[in-house]
Each structure stands twice: as structure tokens, then as C-alpha cells.
Amino acid sequence: MKQSFKQWIGVGATVMMAATVVAGCGGANNTTQETAEPGTSPAADAKPFAGKTISLVTANHPWADAIKPLLPDFEKETGIKVKVESFFEDQLTQKLTVQFTSGSATPDVFMYRPLQEGKLFFKNGWIQPLDDYSKMDADYDFNDFSKSAIGSTTVDAKLAGIPIITEQEILYYRKDLLEKAGISVPKTIDDLVAAVKKLHDPKNDIYGFVARGQRSPLVTQVSSFLYSEGADFTNGDKAAINTPEAVKAFTTYGTLLKDYGPPGVLNMSWPQAIGIFAQGKVAFYTDANSIYKNATDPSKSQVADKVGFAVFPAGKAGSKPYNITSWGLAMNSQSGSKDATWEFIKWATGKEIVLKTQQKGNPGARASVWDKPEGATGFPAEMVPVIKESAKGGVDHDRPTVISVGEARDAVGEIVQKVMTGETNIQAVADKANQALQAIMDKDKTK
Amino acid sequence: MQYSWFNRNLKWIYTLPAVCFVLIMMLFPIIYTFRISFYEWSMSATSPPVWVGLDNYIALLKDERFWHATGSTFLFTIMALALEIALGVAIALLLSREFKGKNIVKTVFLLPMVATPVAMGLVWMLIYEPTIGAANMMLKSMGLQPLLWLASPNQVIPSLVIVDVWQWTPMIALIIMAGLATIPTDPYEAADVDGASAWTKFVSITLPLLRPTIIVAAMLRLIDVLKTFDIIYATTQGGPNFASETLNLYGYVLGFQYFKLGMASSLLVLFFALVMGLTLFMIWMRKRLEGAS
């Protein structure tokens, strides 16, 4: 009897363990929806969504840090409870992809990168178009958003998300080096090339130019060179990265890095590139304005007080930097409480909150906020006119606007990398890459 | 009555959770991957997977990038494995002697193995940084030309091999040390009587007796080196210009950056077959060698 009792314990434990495993699997589909009970809210008119819970997924991004302390206000105002989860960029995309593939109703609202995954998410039916919502409330003033920022979040003429962070490519330069050499801030790409040549002095550990050199990351930063020379990745439904203008732009960018860049630039994305700029070893650097703190924060930069900002230099077609929405808010098409979710998006992207997040250094997309003096307090005074100027003439994408963005970026990036590794027949490389991009675009049409 | 049923079937009941785990977490994904490899699927909710037969495999076999990745995988594996075995055996021989502080040395020596690979990847990236990195600083102080390391298409694989060797030689050494402990002492005594030199003893006694252990160590390491992902992804993401893109990395890119789930699955099926084939070959070789000795 005693013996069998022991066995029972063993069997019981086994069953328990198995049950836990099974239960763990089943729990994944649970959603956190609709906890509202009708009639329990006393002020049903003022707070139509009281008692509802929505879930928000954000990236680990300064915008998320700025919005989190403001959430209690929203919860008090509307009675909607907001549950927040945050992830690193790449994990965020993977988490969302997996969750949406399984048809999950959560998260209700999420941060996403419109130009990287927007088209894929939208075409897969994971994103709720927001056109009707955005026009419901006149106070929301949808037309206040910058046109190119909205262009970034628009897919197939439908509004896929609301811009929260905008970005432009600008020119970072070393004020002290330019002054010493008596060079004025380059206004054109030709000026830039000449100035880079003049300041390039590797013997004294000063390199003329740095920017992203890694295959996929460089694509967004070469895009402004492309537009300013009058080219684009695509033209209608044709790939256009082998036109003379495009080849010229790729060659300029690649040659600057090859001949006047620091060693190892082929393996640099923005953290390495701005890192070496902040070490005081480079005269010029082009990248997004949004990462400026890495160059101006004295704890990260040895040249914090010597960094100047300028509008992207002009090419044959003028100065045409990208002016894009790098992060947006979108709604899950499977969300169980879309109206409450929109209430949140409306609040988070309304004038009042955009001002507050922008003051924390998150460049928003609302013109009215930029026009207010207090809207610019989050940025260095010298940078504000550069941002305003760049936002005027900018292009609304910084990479090929296709579904398979990753694949398209690799095709484009290879051209520049070939320039950097000394390939002389760039036209042939560009022709081949153009074919690859065309194939990607043709495949998109079948979806 | 019931008790005796449990008594009789106890071994099945106790192993059930483990069997369930293997079935659900290992066998199912493999079978599912195999199935998906015949479909074209981009994880879309609106367009379901489309049956394309062998198209994915044909496209892969025609894909330059696939063959380049295969080449890189083999180059990386052969270089890393050869160095790790040679160094591992040497270090094991060294550490099998008695000396003061042996245990401390042994412990310190095993540290790279327990370090987090991605964190180590980032550290190595800094070491290899051409302008401010420690590797070039060392070369310069010895009066040598600095190298580009990870940023050069030609140097990137050897650079990654160094990281892998640094991290995984301790594992080989550990296994070899266990093997050394099992070698009987009498052959050495006999050799001493015959007046054999240290080198002769090593080549004619130690190595042959150690051979089964070396093969086991090589086999374990081979499977792992082929699958190396973490350090490459953390340092170069397959660059510059695909120069360090191995099969595993290409599979990841296809699946999670290009969202070509079908193509990624077919690559993984081919890769699975390759690893399986090599492993079976090693097992067969080991049996043959054991039979011969």
C-alpha cells in the first residue's frame, strides 16, 4: 500500500506537468477584450468607452518613454485602460508578424515602421484603414499633418497609420574644421565633394566623410543623393536604379566612402558611423536628423560643441532629402474594440500630446506644433531651421516602396557596396540590380 | 487492480512528458517545415499558402547566393573545426599535466564558452574596429600593417573563425581531457622501457588511443559550427556584400527579412539533409575506424 501511494504521487506529478504544458499552449490565444459591462458606467455619455481595455505595443523608443507617463491622464479622461508592452525594433516586427499571422486580436494598436513593414502588413490585411476615423472629428485637424509624412503611411491610397515620428536626412559637419580651412558649409553635392577632399587628412586621423556602408542600412541614406540628382528607386511600375542619374548618385556616395571614408566603413551602420564622427575623426556625415543626440551629447561625443547641421546639399534636381514617417501608430484590423482604439490614437496624435512628446525630442508631423516656439524646445536651436527647411521639399519615402522591402534594399545596397569595393563597371552591376528590383515589383502586383 | 496497471506501464508513463515534448517541439516543426517548403507563403492572412511543388528547391539550386552561402559555410566550418581540434588537443595535453594553479587556469580557460554569444559578438566587433579597435592597436604596436578585419570581404571569414575558435576550443579541450584521463598508463611504461622519445609516444600511443574521443568531439563541434548564427549575425549580418553569409544566415534572411517562408523552409530542409548526411558519415567513419583498431 505504501509503495503504491508513492507511485501515485509520481503519476500525479507527471499528469500535473503534462497538464501545465498543455495549458501553457492553450493560453496563447486568450485575448484581453471587452471587459465593459453595460450599465456599470455612471457617466455613459461623457465616457462611452469607460471600462474598456486596449493593448498597445511600442518599440523601445524615446516616443514610448514620452507617452507612458501621459497614459494615466488618458485613462482618467476616457476610462479606457491601456496595457503597454515594449520591444526592441527587430523583435517588434517579428512579434507583430507572428501574432498577426495567427489572427490575434491583440495588440489593438501598435508602433510600426511605415516604409519598412507598412505595405506588407497592409496587404496582408493586418492593418485597419483609418481614412474614415481621421475625418470624423474636425478638432483632430487631420490636414495639419505634413503631406509627405502622410504619404509615407499611405498604402494603395488608404491611410494605414498615423505618423508619430518624422525624419529627414541632413548634413552633419564639424564647425571647427570648416572654419580652420576657410570652407563655407556646402550647398551642393559638388561643393560637398570638394570640401571632403580638402579636409581629408588620414595621416592626422581626420577622414573627409562618413555615412552608412552596410548593404541594407545604407539604402535609406543614399536615397537623398538619388532624389537630389533627379532619380528615384522606381518610376511608376518600373524599377529605375540603373538610370544615368541613379548610377551617378550611387557612384558619388560610394566613392566618397571608398576614397575619403574611415577604414572599415563597409561594415558600418549608423551606430558605428555616428560613433566615429563623435570621436572627432570625420569632417562630414550624412544621416537622419533623429539620431543627432549621439553627436551632441557630451557623454557620448568628444565634439559635442563643434557639430553643425545643414540642409542636405543640392544636386542637379535641387536639395531633395527624404522627409518620411519613420514610426507610425496603426490599428489591428482584428481589434475587438476599434472605436476605443481610435480614441487612443486620436489622443496620442492630437495637437496637445504631439507638442508634449515633441518637447521631449520626438520630431512629430504636425505643422501647427512646429510653428509654435515651444514646439521646437526639444531640439538644438541651430537644427530647427534645418528641420523646417528639409520638411518643405522632402520626398515621402527613403527606400523602394514595395512589399518585400528587405529584398529590395539588398538589391539596391549591393550597387553601392560594389562601388566601395572598387568595381569599375557600375552600369552592369546597376542593370543586374535593376532586374532584381523589377522582379520584386512584378511579384508585388500578383498580391 | 489499477495499481498493477500503473506498475506494469510505469516506464511508459514516466517517459510520456519527454516523448510529448520531443513530438510537439521538435518533430512537429521539422515536419511542418518540410511541408511549407513545397508552398509559397508570405505569412499573409488574406492569401493562403500556394502549392508550388519543387519550385522553391529549383529556384534555390539556381540561386547564386545559395551556392555562395554554401561555400562560405564550408569554408568557415573547415577552418574553424581544424583549428579548434588542433588547439583543443594541444591545450588538453598541456592541462592534463600537474602544475600549480591548474584548477584556476582550467576555470578561466572555460569562460569564453559560457559567455553570451551576442554580447561577445559585439565585443569582438569593437576589437576588430579598424580605427579604434584593439586588434589593430596590437598589430601597430608590433610594427605590422593594420587590417580591415570584418570590414573586408576577404578577411571577414578568417576574422569570424578566430572568434569561433576563441569561444569553442575550450569545449574540444574539455572532451579531449576526459579522453586523456581514460588512457591506461602501461603503454607509456612499455615505451619508456623501449626508450621512445616524447614525440614518438605522442604519435604512436596518445593519438591512436585518443582517436575515438577526437572523432566524437569533432562530430559534436561540426554540427554546431555548420549551424553558427549568433556571432555572424551580431557582427556582420552576412556582410560585407554577402561575404560572410552562411546557409543558416541566408535562411534567416529569406524567412524573416524577405518573408519568403516557403523558400526559407526549403533551404532549411536542404541544410538539415546536409548536416544529417555529414553526421551519418562521421558515425560510419567512427565505426569503421573502431572496427579497424
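Computed from a predicted structure; not experimentally measured.

## Re the overall build of chain A
- A tally of helices and strands in chain A yields 19 helices and 12 strands.
- Residue pairs in contact within chain A that sit at least 24 positions apart in sequence constitute 75% of those at least 6 positions apart.

## Here we look at the pairing of strand β1 (residues 53–59) of chain A
Residue and element names in this part refer to chain A.
- In terms of residue burial, β1 counts as a mostly covered element, since six of its seven residues are buried.
- Strand direction decides the pairing type here: β1 and strand β2 (residues 81–87), joined by seven bridges, are parallel. Looking at β2, one finds that T58 is bridged to S86.

## Re the nonpolar core
- Ranked by internal contacts, the top residues of the largest apolar core, which has 176 residues, are V196, F209, V210, F250, F277 and I415 of chain A.
- If you tally residues by element for this core, the top one is helix α7 (residues 156–181) of chain B, at 10 residues.
- Each of domain 1 (53–166 + 324–393) and domain 2 (168–322 + 398–445) of chain A contributes no fewer than three residues to this core.
- Setting aside chain neighbours within four positions, we find F209 of chain A in contact with V196, L256, L257, Y260, G261, V282 and F284 of chain A.

## A word on the packing of helix α18 (residues 405–420) of chain A against helix α19 (residues 426–445) of chain A
Residue and element names in this part refer to chain A.
- Relative orientation of the contacting elements α18 and α19 amounts to 175°, with a least axis distance of 9 Å. With respect to α19, the axis of α18 lies roughly antiparallel. Taken together, the residues of α19 that come into contact with α18 (itself represented by E407, A408, A411, V412, E414, I415, K418 and V419) are I426, V429, A430, A433, A436, L437 and I440.
- Residues of the contact of α18 with α19, tallied by class, amount to 12 nonpolar, no polar and three charged.

## Side note on the interface of chain A and chain B
- Contacts between chain A and chain B engage 33 residues on the former and 28 residues on the latter.
- Those elements that place two or more of their residues in the side of chain A that touches chain B are α1 (2–26), α4 (89–101) and α18 of chain A.
- In terms of residue count, the dominant contributor to the side of chain A that touches chain B is α1 of chain A (six residues).
- Per-class residue counts for the side of chain A that touches chain B are 11 nonpolar, 17 polar and five charged.

## Description of the domain arrangement of chain A
Residue and element names in this part refer to chain A.
- For chain A, the domain assignment lists domain 1 (53–166 + 324–393) and domain 2 (168–322 + 398–445).
- Each of domain 1 and domain 2 has a C-alpha centre, and these two points are 28 Å apart.
- Residue-level contacts link 18 residues of domain 1 with 21 residues of domain 2.
- Breaking the side of domain 1 that touches domain 2 down by element, the ones donating at least two residues are α5 (114–123), β12 (323–331) and α17 (383–393).
- Considering each element in turn, the side of domain 1 that touches domain 2 owes the most residues, seven residues, to α17.

## Considering helix α11 (residues 247–257) of chain B
Residues and elements named next belong to chain B.
- For α11, the buried fraction is high: nine of the 11 residues fall into the buried class.
- Turning to α11, its buried residues number three or more, namely L247, N248, L249, Y250, G251, Y252, V253, L254 and Q257.
- Just beyond α11, the residue with positive phi is F259, at close to 55°.

## Remarks on unusual backbone geometry
Residues and elements named next belong to chain A.
- P107 follows T106 through a cis peptide bond whose omega is -10°.
- Mapping P107 onto the fold places it in the loop between α4 and β3 (109–112).
- In this model, D205 sits at a positive phi of 65°, which is unusual for a non-glycine residue.

## Notes on the packing of helix α3 (residues 64–95) of chain B against α7 of chain B
Residues and elements named next belong to chain B.
- Two elements in contact, α3 and α7, have axes separated by 6 Å at closest approach and are oriented at 40°. Taken together, the axes of α3 and α7 lie oblique to each other. Classified by chirality, the crossing of α7 by α3 is right-handed.
- Here the contact of α3 with α7 is built from residues that sort into 22 nonpolar, three polar and two charged.

## Examining the environment of V114 of chain B
- Looking at where V114 of chain B falls in the secondary structure, it is placed in helix α4 (residues 102–114).
- A sequence separation of 91 residues divides V114 of chain B from I205 of chain B, and the C-alpha atoms of the two residues are 33 Å apart.

## Some points on α3 of chain B
All names here are of chain B.
- Here α3 spans 45 Å end to end across 32 residues, near enough to the 46 Å set by a 1.5 Å rise per residue.
- Listed as buried for α3 are F66, A69, S72, T73, F76, T77, A80, L81, E84, G88, V89 and A92.
- Next to the buried residues of α3 lie α2 (55–61), α7, α9 (198–226) and α11.

Rules used in this analysis
Residues numbered from 1 in each chain as written. Chains lettered and ligands numbered in written order. Predicted model: local features only at pLDDT ≥ 70, side-chain atom pairs only at ≥ 80, totals over all residues. Helix = DSSP H or I, 4+ residues; strand = E, 2+ residues; numbered from the N terminus. Contact = placed C-beta atoms within 7 Å. Buried ≥ 20, exposed ≤ 12 C-beta atoms within 10 Å, placed from the backbone. Pairing = 2+ DSSP bridges. Core = buried A, V, L, I, M, F, W, Y, C linked by C-beta atoms within 7 Å. Domains from an automatic or database assignment. Axes fitted to C-alpha atoms, helices over the stretch in contact; angles between N-to-C directions. Parallel < 35°, antiparallel > 145°, perpendicular 65-115°, else oblique. Nonpolar A, V, L, I, M, F, W, Y, C, P; charged D, E, K, R; others polar. Left-handed = near helix turned anticlockwise from the far one by under 90°. Expected span 1.5 Å × (residues − 1).

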